[in-house]
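Inside the fold
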Amino acid sequence: MLKHSDKVKGLKETARALEDSFFAKENERILKELRAASARENKKKEFREYLNIDNDEFLDALVDLEVEPETLVAFTLVPLVEVAWADGEIQPKERDAIIKAAVDRCVDEDSPTAQLLRNWLQTPPDPLLLEIWESYIAELKKSVGDSALAHMKSSVIGRARAIAEAAGGFLGVAAISAAEKKMLDKLEWAFE
């Protein structure tokens, strides 16, 4: 039969093992949460650098949706290319403005995104590209808040309008062709 002191000692050892196990699991949980928070902040930082966007609600929504920065860069460039090709040809100033927009989004000239963009600047993209872009917007609308959607719309449409105005109108005064205006309206409608 065990002495009282042995019983107490055994109980204390078992209690210590229980505590150690609990705290090990708790520490593991906390560490996992810290790693997830760090990964989330790193992803938001990556989006900030790629997109020059500092709207935390929008960035949080992108992280929650598990969107990759490269996808978002393509997402932001499609409307620019579509507007530039709307009147059947890309003007040199439109091409320059699109390339600048890509560089501003940290697109490396050797990346697949840059190659894709070069292709789009040489030959009009397949009409299916715009349909896919519109579908992507439709899915994003279901997943992001009104503020984030408004920010996205303003950013995308603003850049697309700048491309339309890049070629200039009479005596260099910004003018948008009827075809470009129609495309801008179509892009804007996708956000409604």
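Being a predicted model, the structure only gives us computed values, none of them experimental.

Here we come to the overall build of the protein. Secondary structure summary: the protein contains eight helices and zero strands in total. Out of the 192 residues in the protein, the part that is buried amounts to 32%. Pairs at least 24 residues apart make up 68% of the contacts formed inside the protein by residues separated by at least 6 positions. Here the protein displays about 11900 Å² of accessible surface, and carbon together with sulfur accounts for 57% of that area.

Next up on the list: the side chain of Glu82. Within the secondary structure, Glu82 sits in helix α3 (residues 69-85). The buried charged residue Glu82 lacks any salt bridge, with Lys186 as its nearest oppositely charged partner at 7.6 Å. Not counting the four nearest positions on each side in its chain, Glu82 is found in contact with Pro125, Leu129, Leu130 and Met183.

Here we take up the nonpolar core. Of all hydrophobic cores here, the largest spans 44 residues; its most connected members are Phe75, Trp133, Met152 and Phe191. Elements that contribute at least two residues to this core include exactly α2 (56-64), α3, α4 (92-104), α5 (112-122), α6 (127-143), α7 (146-166) and α8 (178-190). Considering every element that reaches this core, the biggest residue donor is α3, with 10 residues. When residues no more than four places from it in sequence are discounted, the contact partners of Phe191 are Phe75, Trp133, Ile137, Lys141, Leu149, Met152, Lys153, Val156 and Ile157.

Counted at 1.5 Å a residue, the expected span for α8 with its 13 residues is 18 Å, and the 19 Å between its end C-alpha atoms agrees. Those residues of α8 lying buried are Glu180, Met183, Leu184, Leu187 and Ala190. Considered in projection along α8, the buried side chains sweep an arc of 115° and stay on one side of the axis. Away from its buried face, by an angle of more than 90 degrees, α8 presents the exposed residues Ala178, Lys182 and Trp189.

Counted by the stated rule, this structure contains one aromatic pair. Centre to centre, the rings of Trp133 and Phe191 are 5.9 Å apart; their planes meet at 75°, and the pair counts as edge-to-face. Of this pair, Trp133 sits in helix α6 while Phe191 sits in the segment after α8, placing them 58 residues apart in sequence. In terms of burial, Trp133 and Phe191 fall into one category: buried.

This part covers the packing of α7 against α8. Direction vectors running N to C along α7 and α8 enclose 170°, while the axes themselves pass 10 Å from each other. Considering the angle they form, α7 stands roughly antiparallel to α8. Mapping the contact onto sequence places Lys153, Ile157, Ala160, Arg161 and Ala164 in α7 and Glu180, Leu184, Leu187 and Glu188 in α8. Across the contact of α7 with α8, the residue classes tally to five nonpolar, no polar and four charged.

Before going further, it helps to spend a moment on the pattern of salt bridges. Applying the stated criterion across every chain, the model contains nine salt bridges. Between Glu188 and Lys153 there is a salt bridge, with its nearest N and O atoms 3.9 Å apart. One end of the pair, Glu188, is in helix α8; the other, Lys153, is in helix α7, and 35 residues separate them in sequence. Using a relative accessible area of 28% as the deciding quantity, one classes Glu188 as partly exposed.

Parameters and conventions
- Residues numbered from 1 in each chain as written.
- Predicted model: local features only at pLDDT ≥ 70, side-chain atom pairs only at ≥ 80, totals over all residues.
- Heavy atoms only, no water.
- Helix = DSSP H or I, 4+ residues; strand = E, 2+ residues; numbered from the N terminus.
- Buried < 20%, exposed > 50% of the residue type's maximum accessible area, 1.4 Å probe, protein only.
- Contact = heavy atoms within 4.5 Å.
- Areas by Shrake-Rupley, 256 points an atom, 1.4 Å probe, with all protein chains shown as cover.
- Lys, Arg positive; Asp, Glu negative; His and termini not counted.
- Salt bridge = Lys/Arg side-chain N within 4 Å of Asp/Glu carboxyl O.
- Core = buried A, V, L, I, M, F, W, Y, C linked by side-chain atoms within 4.5 Å.
- Expected span 1.5 Å × (residues − 1).
- Arc of directions from axis to C-beta.
- Phe/Tyr/Trp six-rings, centres within 6.5 Å; stacked < 30°, edge-to-face > 60°.
- Axes fitted to C-alpha atoms, helices over the stretch in contact; angles between N-to-C directions.
- Parallel < 35°, antiparallel > 145°, perpendicular 65-115°, else oblique.
- Nonpolar A, V, L, I, M, F, W, Y, C, P; charged D, E, K, R; others polar.

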